[in-house]
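# Observations on chain architecture
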Amino acid sequence: MAQMIVNGERVNAASGATMDVRNPATGEVVDTVPKADAADTRRAIDAAAAAFPEWSKTVGHKRAHILMQAAACVRERLDDVARLLTSEQGKPIRDSKIEAERFADNIEIYAGLIAGGALSGKHVPLPAQKAMGLVVRRPIGVVGAIIPWNFPLTLMANKIAPAMAVGNTVVVKPASTTPLATIRLAELMLEGGLPAGVLNIVTGPGAVVGDEIIRNPLVRKIGFTGETGTGKQVARSAADELKHVTLELGGSDAAIVCDDADLDLAAKNVAIGRFFNAGQACLAVKRVYVFDSIADEFIDRVVSRARRLKLGSGTDASAQMGPLHTEKQRAEIEAQLADAVQRGGTVVAGGQRPRGKEFERGYFFEPTVVVDVPEGARVWTEETFGPLLPIMRVKDLDEALRKANESEFGLGSSIFTRDMTKAQRAIDEIEAGYTWVNAVQIAHDELPFGGTKHSGYGKEHGTEVLDYYTEQKSVVVAA
Ligand code: NAD
């Protein structure tokens, strides 16, 4: 049985309660983890609070050195971590390996930035008082990191890497269905020399463990990634203690394909953007608006890519797309597709559970493309969190931009065109935290990432994230 990490120790829930973790490709139990309650969670928060004074006062260069060594220990065991991630999440082993590597990358990136002095404040002359003004930046304190199941390791790294690098201590709550690789990473970081209490992992239900993290006054900052509905609840609960909150929530990213686009490039990037991680990504192409004059050619290309994708268990090295994460996820995608078809949409690729012995016990669903779906259908108004791509024909860029913005979400977006004036309009007019031009929808570590509208607020990645894990203090020094 895997155990939680509290104050550098492996611990169970005081009650002895446990939860099963299942393999999405087979439904089999992979392992069990403790099912913590509020008192267990408080112990982890107290440990993080006790570790904060020393960790925050450790000079940046030394902190960075410790984090680099912890990341090196992770790097030695990437294959173990990837195997665990595939067994609990379902994604192909190749993708799990990339995700585990990106975890280590992120720890190193923020350690490197801190070692290089990226956390500098500023000096402001104050001539009126003949005084010197300074702006200094301080860590906030205990950070609560609440993580979903779709990219458990990178979404954790996005929070804990900058948080720990600037001197905060952390309590992580992984999703109940994906705690195993997270626990393993924390064990490896401890083995690599991370001091006790700096990184704590508590497993248990969101409404219990997550709620305690959000309400406990010792936690000063919440980094949350998850559904928009949960995020709103987090913001409401965190308001009582006026906590700092970053919310990375749902999305329904529009991709616009113009009549002058490189159609092969557009089809390739749209297919990757929709079907990567079996479509279970926040940043993912979830709606396509294609100019009518080239729509047939473009749809043919996307359909042929969708049909070529090889489905399989994540442990099958040749699999390009694994199962959906849970039965509920698959049922949701099937319901959204049924709604689209019932309103008049036509399925042009996929649309079924794949047949065959290897698919019988897992939550597999074919890469699916649906066209001629009328406005108002669920695929246009809701987030589709699976391999389901609706494509709509539009007259021109004005119509495409209007439709792209007809969503409550504002996470990512993309445009495919050879005309920079069209690209410029997308950059200026699409209401989203990211616009890719002729590029695949991948979040880059170097660029700030975060949504607008109901996709949340605050930034992860880039140097900008450092502003969300520090507080600024003004200082006046009289001559
Ligand atoms: P979710 O909201 O169900 O759960 C996210 C986390 O919150 C889990 O750890 C869960 O246990 C916890 N939680 C649940 N209820 C809680 C409560 N009342 N208080 C505190 N914590 C609680 O989301 P999910 O289904 O795990 O993830 C999928 C969603 O996440 C999708 O909507 C997706 O778009 C979004 N997402 C967003 C981003 C982004 O960066 N914007 C990235 C990945 C996923």
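Notes on the structure follow. Quantities reported herein were computed from a predicted structural model and do not represent experimental measurements.

Bringing the site of the ligand into the picture now. In the neighbourhood of the ligand, 26 residues make up the surrounding shell, with Ile-147, Thr-230, Leu-249, Cys-282 and Glu-383 lying closest. Within the backbone of Gly-226, an N or O atom sits 3.3 Å from an oxygen atom of the ligand. Calculation on the ligand without its partners gives an accessible area of 850 Å², and the protein chains cover 89% of this total. Ranked by residue count, the leading element in the shell around the ligand is helix α7 (residues 206-215), at 4 residues. Taken together, the residues that form the shell around the ligand break down as 14 nonpolar, 7 polar and 5 charged.

Along any regular strand the residues' side chains alternate between the sheet's two faces. The element strand β8 (residues 169-173) is largely enclosed, with a buried count of 5 among its 5 residues. Relative to β8, strand β7 (residues 142-146) runs parallel, the two sharing 5 bridges. Residue pairing for β8: Gly-144 is matched across the bridge by Val-171. Assessed by its sense of winding, the connection that carries the chain from β7 through helix α5 (residues 152-165) to β8 is right-handed. Pairing between β8 and strand β9 (residues 199-201): 3 bridges, direction parallel.

Our next topic: unusual backbone geometry. A positive phi is found at Leu-242, a non-glycine position, where the angle reads about 45°. Position of Leu-242 among the secondary structure elements: in the loop between α8 (228-239) and β11 (244-248). Classification of Leu-242 as exposed rests on a relative accessible area of 68%. With phi around 55°, Ala-278 is a residue other than glycine that occupies positive phi space. Note on placement: Ala-278 falls in the loop between α9 (263-275) and β13 (285-291).

A few words on the packing of aromatic side chains. Here the structure, examined in full by the defined rule, presents 6 aromatic pairs. Centre to centre, the rings of Tyr-434 and Trp-436 are 4.0 Å apart; their planes meet at 0°, and the pair counts as stacked. With a centroid separation of 6.2 Å and 45° between ring planes, the pair formed by Tyr-434 and Phe-449 is classed as tilted. Highlighted residues: Tyr-434 in the loop between α14 (420-429) and β19 (436-437) and Phe-449 in the loop between β19 and β20 (452-453), separated in sequence by 15 residues. As far as burial versus exposure is concerned, Tyr-434 and Phe-449 are alike and both buried. An aromatic cluster of at least three residues, connected via ring pairs, comprises Tyr-434, Trp-436 and Phe-449. We note Lys-221 situated over the ring of Tyr-469; from NZ or CZ to the ring centre the distance is 4.6 Å.

One can describe the packing of helix α2 (residues 60-76) onto helix α4 (residues 93-115) by two numbers: an axis separation of 8 Å at closest approach and a directional angle of 165°. Relative to α4, the element α2 is oriented roughly antiparallel. Seen from above, α2 lies across α4 with left-handed handedness. In contact with Gly-60, His-61, Arg-63, Ala-64, Leu-67, Met-68, Ala-71, Val-74 and Arg-75 of α2, α4 contributes Glu-101, Phe-103, Ala-104, Asp-105, Ile-107, Glu-108, Ala-111, Gly-112, Ile-114 and Ala-115. The residue inventory of the contact of α2 with α4, partitioned by class, reads 11 nonpolar, 3 polar and 5 charged.

With that settled, consider the pattern of salt bridges. A pair can form between side chains of opposite charge whenever their charged atoms are brought close. Counted according to the given criterion, the structure contains 37 salt bridges. Its salt-bridge partner being Arg-94, residue Asp-95 comes within 4.0 Å of it at the nearest N-O pair. The class for Asp-95 is buried, based on a relative accessible area of 8%. Its salt-bridge partner being Glu-375, residue Lys-403 comes within 3.0 Å of it at the nearest N-O pair. Placement of the pair is Lys-403 in helix α13 (residues 397-404) and Glu-375 in the loop between β15 (368-371) and α12 (378-381), with a sequence separation of 28 residues. Among the residues examined, Glu-375 registers a relative accessible area of 52% and is labelled exposed. Among the ionic contacts, a cluster of salt bridges with common partners joins Asp-259, Asp-260, Asp-419 and Lys-422.

Scoring rules and cut-offs
Residues numbered from 1 in each chain as written. Predicted model: local features only at pLDDT ≥ 70, side-chain atom pairs only at ≥ 80, totals over all residues. Heavy atoms only, no water. Near = heavy atom within 4 Å. Polar contact = N/O pair within 3.5 Å; in protein donor to acceptor, adjacent residues only side chain to side chain. Areas by Shrake-Rupley, 256 points an atom, 1.4 Å probe, with all protein chains shown as cover. Helix = DSSP H or I, 4+ residues; strand = E, 2+ residues; numbered from the N terminus. Nonpolar A, V, L, I, M, F, W, Y, C, P; charged D, E, K, R; others polar. Buried < 20%, exposed > 50% of the residue type's maximum accessible area, 1.4 Å probe, protein only. Pairing = 2+ DSSP bridges. Right-handed = clockwise from strand over helix to strand, strands pointing away. Phe/Tyr/Trp six-rings, centres within 6.5 Å; stacked < 30°, edge-to-face > 60°. Lys NZ or Arg CZ within 6 Å of the ring centre and 35° of its normal. Axes fitted to C-alpha atoms, helices over the stretch in contact; angles between N-to-C directions. Parallel < 35°, antiparallel > 145°, perpendicular 65-115°, else oblique. Left-handed = near helix turned anticlockwise from the far one by under 90°. Contact = heavy atoms within 4.5 Å. Salt bridge = Lys/Arg side-chain N within 4 Å of Asp/Glu carboxyl O.

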